[in-house]
Number of protein chains: 2
Amino acid sequence: MSERTEIADLGEFGLIKHLTKNIELKNASSILGVGDDAAVIDHFGKQTVISTDMLIEGVHFDLMYTPLKHLGYKSVVVNLSDIYAMNATPTQITMSLGLSNRFSLEALDEFYEGVYAACEKYDVDLIGGDTCSSQKGFIISVTAIGEVTPDTFVKRNTAQKGDLLCCTGDLGAAYVGLLFLEREKQIYLENPKIQPDLEGESYVIGKLLKPEARKDIIEFLAQNEIRPTSMMDISDGLSSEILHICQDSNLGCRLYEEKIPIAEEMRRAAFKFEIDPTACALSGGEDYELLFTLPQSEYDKLVLNEQISVIGYMTEAEEGAKILTKGGGTHNITAQGWNAFKNT
Amino acid sequence: MSERTEIADLGEFGLIKHLTKNIELKNASSILGVGDDAAVIDHFGKQTVISTDMLIEGVHFDLMYTPLKHLGYKSVVVNLSDIYAMNATPTQITMSLGLSNRFSLEALDEFYEGVYAACEKYDVDLIGGDTCSSQKGFIISVTAIGEVTPDTFVKRNTAQKGDLLCCTGDLGAAYVGLLFLEREKQIYLENPKIQPDLEGESYVIGKLLKPEARKDIIEFLAQNEIRPTSMMDISDGLSSEILHICQDSNLGCRLYEEKIPIAEEMRRAAFKFEIDPTACALSGGEDYELLFTLPQSEYDKLVLNEQISVIGYMTEAEEGAKILTKGGGTHNITAQGWNAFKNT
C-alpha cells in the first residue's frame, strides 16, 4: 500500500458511505440495505435463520500472517457456514467493526474486498452494520440471515439411534496450516531476515486463511431430497461437534478412525510436526465442514457425492460416544478442542 | 459481589448454558432460539427489520461509573431504538460478547440481568449469540430484529418540503449526565477518599446510564394512524440527525431554538458546567429519542401527545438547514457531535 488515508479524515458517515458505495442488493427479499437505522427484509412464506459470530484480533486471528482480504472473506464465510448447517440458504449479512487508528482506509478497503468477494460468491447481501473505533486491535462481528422453507431447518438435537454419522470434505487441515504460520511467525520474530518457508503447504494454509462454506452440500442434499436428521458445522474440531450431537440428541455413537477424511497434504504436513493426523482432525477446529446424521436407508444416495464420508453411526446413550481406532482399540471421544476462555 | 467464579472454569459451552438457562421465548415468530448454529424466525406476511451496533469499553462506556446491569440494559435498548426508528416493532435480538479474563461469572450475570430486564420490558427474545475472549476490555455487539407490516417502514430520505419537523422527549440530558460522571471520576482518581457528589442529578445521570427506547411513540403513531414521512433516532445529537434527514431527503429546514425540548433538570445541570443547554441538545448525543417529519395536516393529532414537540419545518434544499435562535439570529446547523474516529 503506497498511500495511507486516515479513517478519522472521513468521519464515521463518510467512512460508511465509502465502504458501501458499491453494494448492489441481489436478493429480492432485501428491501432496504445500509444507510438507515435498520435494514428491511421481506419474506414470502419462508422462515428466517439468524447466526452471529465475533472475531477478535489476537484471539481469533493474527494480522501478522492473515491478509486482510482473506480475513474479510473468512469472517463472512464462517457465519454463512452456520446458516448452511441449519439446512438453510444465507441471504443477508450485517457487519460491525471496531477499529483502532492503526488501520488506514486502504487497509479497510482490502478487508472489504474480501467481504464483497464472499458476498458475491455466496449470493448474500451486506445490508447493514456499524463501524466504530476500538482502543486496541480489530474486532469483527457478523450476523448472517438466511431463509428456509418452513420446518425444513435441521437442528442438532434430533439425531436418531442407528443413524449414519457423516461429514463433508476433509478435516484437520486448517489446524496444521495454523501450526505452519505460527512456526514461521516465531522464526521471523527471532530473525526478520529469514524468508518464510511455506513451500508446498498451500493446501493446509489455504484451508486456514480462506475457508469455504459447504453451500454445495446443502444444494446436493436438496436436489437429492436428502433430509439430515441432525446437522451442525465443524468449527471446534470433530470430537467437540460429535459430542454436541450426542448430548443434545441424548445418544451415543461409534466413530471409525479409518473413515475420518484426511487430505494427503494434511497428513504429510502433520508428520512434519510429528503429530497424529487423526488428532488434528478430532481436535483441530476451523474446518467449516458439515457434520450430519441420516437414516441408514439414505446410504445409497450418499455414494453419489465423494465430498461426503460416512464416519460412524449413532447408538443408545448408554453405549457412550466412542472412537474405534485403526489399531482395534476403543476410546471415549473427548473434546480437547478450542476453549475460548482457557487461553487468555 | 462476594464470590468470584472464573469464566474459564465453565468453558464456552458451559457459559452459554449458564447465561441462557432462563430464556423463555415470548414471540410466536421465535421458532428456535439459542443453542444451535443459528436461530429461526417465522414470518406471516410481515417484513423483517434488522439493526446492529457495537459497544466497546473505553470508547462507548466506562466501567468505572457504569453499573454492568445498566450496561446490559442499555446495550439492548440502543438497538431497539433503531428498530422503532423504522416504525417497526422489535421482536428478537442476538448478542455477541468479547470478554477479557478480568470479568467473573458474577459480573457477567449482572450484565445479563440488565439484558433480560430490557428484553422483558420491550417484549423481545434473545435468540442467539457468541461469547468469546478478548485481549482487552469488554466488547458488545447486538443485532436487533423487528417486524413491520409490509411497506409501512419509515426511512430517512423521504421527508417532504413543508413537513413539520418533530422530536420526542427532551434532549441533551444524557450528555450532561456524562459530564457529571466524568468530573466525579477525575476527582476520584485524584483523591479516592472523596465521595462522589451526584446529589440531585439523578435525572441526567439516569438518562445516560439507563436510556429507554420510544416504544410508546411508535404505538401512539399507530393508534392514531399517523405515518411519519421520515424518521430516525437521535443518538449523535439533534444537529447531526437533522442534517441526515435534510441531506438524504435533499431538503433544507428551519429549526426553532425555543422549541427544542429541554428538561428543567438538564438546564440546571448545564448551568453548573457553564454550558449552553441548547448546545447540549444539538450536539450531545445518546438521547435515543425519535426525530421525524410529518405533513402539516397531521398537526392536530400531535397535540394529543405531550411527549412530541414540533421543533421546525422542512424547506427546499437551497434554503439550507438553519436554526433560528431565541435572540433572533439565523445560523447554519452544523454537526459538531460525536465523531467515532477523531477521539482515538
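Scope of this entry: the structure provided in the associated data block. These figures come from a predicted structure and were not determined experimentally. (Residues numbered from 1 in each chain as written. Chains lettered and ligands numbered in written order. Predicted model: local features only at pLDDT ≥ 70, side-chain atom pairs only at ≥ 80, totals over all residues. Heavy atoms only, no water.)

Think of a sheet as strands paired side by side through backbone hydrogen bonds, with each pair either parallel or antiparallel. All names here are of chain A. Spatial strand order, E8-E10-E7-E11-E9-E12-E13: seven strands in an open sheet with mixed pairing. Every interior strand has two partners, whereas the edge strands, strand E8 (230-234) and strand E13 (330-332), have only one. Between one strand and the next, the sheet's axes are offset by a mean angle of 25°, whatever the strand orientation. Pairing analysis gives four bridges linking strand E7 (residues 164-168) to strand E10 (residues 289-294), with the strands arranged antiparallel. Within E10, the residue paired with Cys167 across the bridge is Leu291. (Pairing = 2+ DSSP bridges. Helix = DSSP H or I, 4+ residues; strand = E, 2+ residues; numbered from the N terminus. Axes fitted to C-alpha atoms, helices over the stretch in contact; angles between N-to-C directions.)

Take the sheet that holds strand E11 (residues 308-316) of chain B next. All names here are of chain B. Taking strand neighbours across the sheet as the criterion, the seven strands line up as E8-E10-E7-E11-E9-E12-E13 in an open arrangement whose pairing is mixed. Of all strands in the sheet, those with a lone pairing partner are strand E8 (230-234) and strand E13 (330-332), marking the two edges. Taking each pair of neighbouring strands and ignoring which way they run, the sheet shows an average axis angle of 25°.

Attention now moves to the pattern of salt bridges. Under the counting rule described, the total for this entry stands at 32 salt bridges over all chains. The salt bridge involving A:Glu113 is made with A:Lys69; its shortest N-O contact spans 3.4 Å. A residue pair is termed long-range when its members are at least 10 positions apart, and A:Glu113 in helix H3 (residues 105-121) and A:Lys69 in helix H2 (residues 68-84) qualify at 44 residues. Two residues, B:Lys121 and B:Glu212, come together in a salt bridge whose shortest N-O distance is 3.6 Å. Here B:Lys121 is found in helix H3 (residues 105-122), whereas its partner B:Glu212 is found in the loop between helix H5 (202-209) and helix H6 (215-223), with 91 residues between them in sequence. For B:Glu212, a relative accessible area of 26% corresponds to the partly exposed category. Because the salt bridges share partners, they merge into one network encompassing A:Lys207, A:Arg214, A:Asp216 and A:Glu289. (Salt bridge = Lys/Arg side-chain N within 4 Å of Asp/Glu carboxyl O. Buried < 20%, exposed > 50% of the residue type's maximum accessible area, 1.4 Å probe, protein only.)

All names here are of chain B. Within strand E7 (residues 164-168), five of the five residues are buried, which leaves the element mostly enclosed by the surrounding structure. Judged by which residues are buried, E7 turns out to be covered on both faces: Leu164, Cys166 and Thr168 on one side and Leu165 and Cys167 on the other are all buried. Relative to E11, E7 runs antiparallel, the two being bridged by five bridges. Paired with Cys167 across the strands is Ser309, a residue of E11.

This brings us to the packing of helix H4 (residues 173-190) of chain B against H5(B). All names here are of chain B. Where H4 meets H5, the axes come as close as 7 Å, and the angle between the chain directions of the two elements is 100°. Considered as vectors, H4 and H5 are oriented roughly perpendicular to each other. Residue-level contacts link Ala173, Ala174, Val176, Gly177, Leu178, Phe180 and Leu181 of H4 to Tyr203, Val204, Ile205, Lys207, Leu208 and Leu209 of H5. When the residues that make up the contact of H4 with H5 are grouped by side-chain class, the tally is eleven nonpolar, one polar and one charged. (Parallel < 35°, antiparallel > 145°, perpendicular 65-115°, else oblique. Contact = heavy atoms within 4.5 Å. Nonpolar A, V, L, I, M, F, W, Y, C, P; charged D, E, K, R; others polar.)

Any functional reading would require information that these geometric values do not contain.
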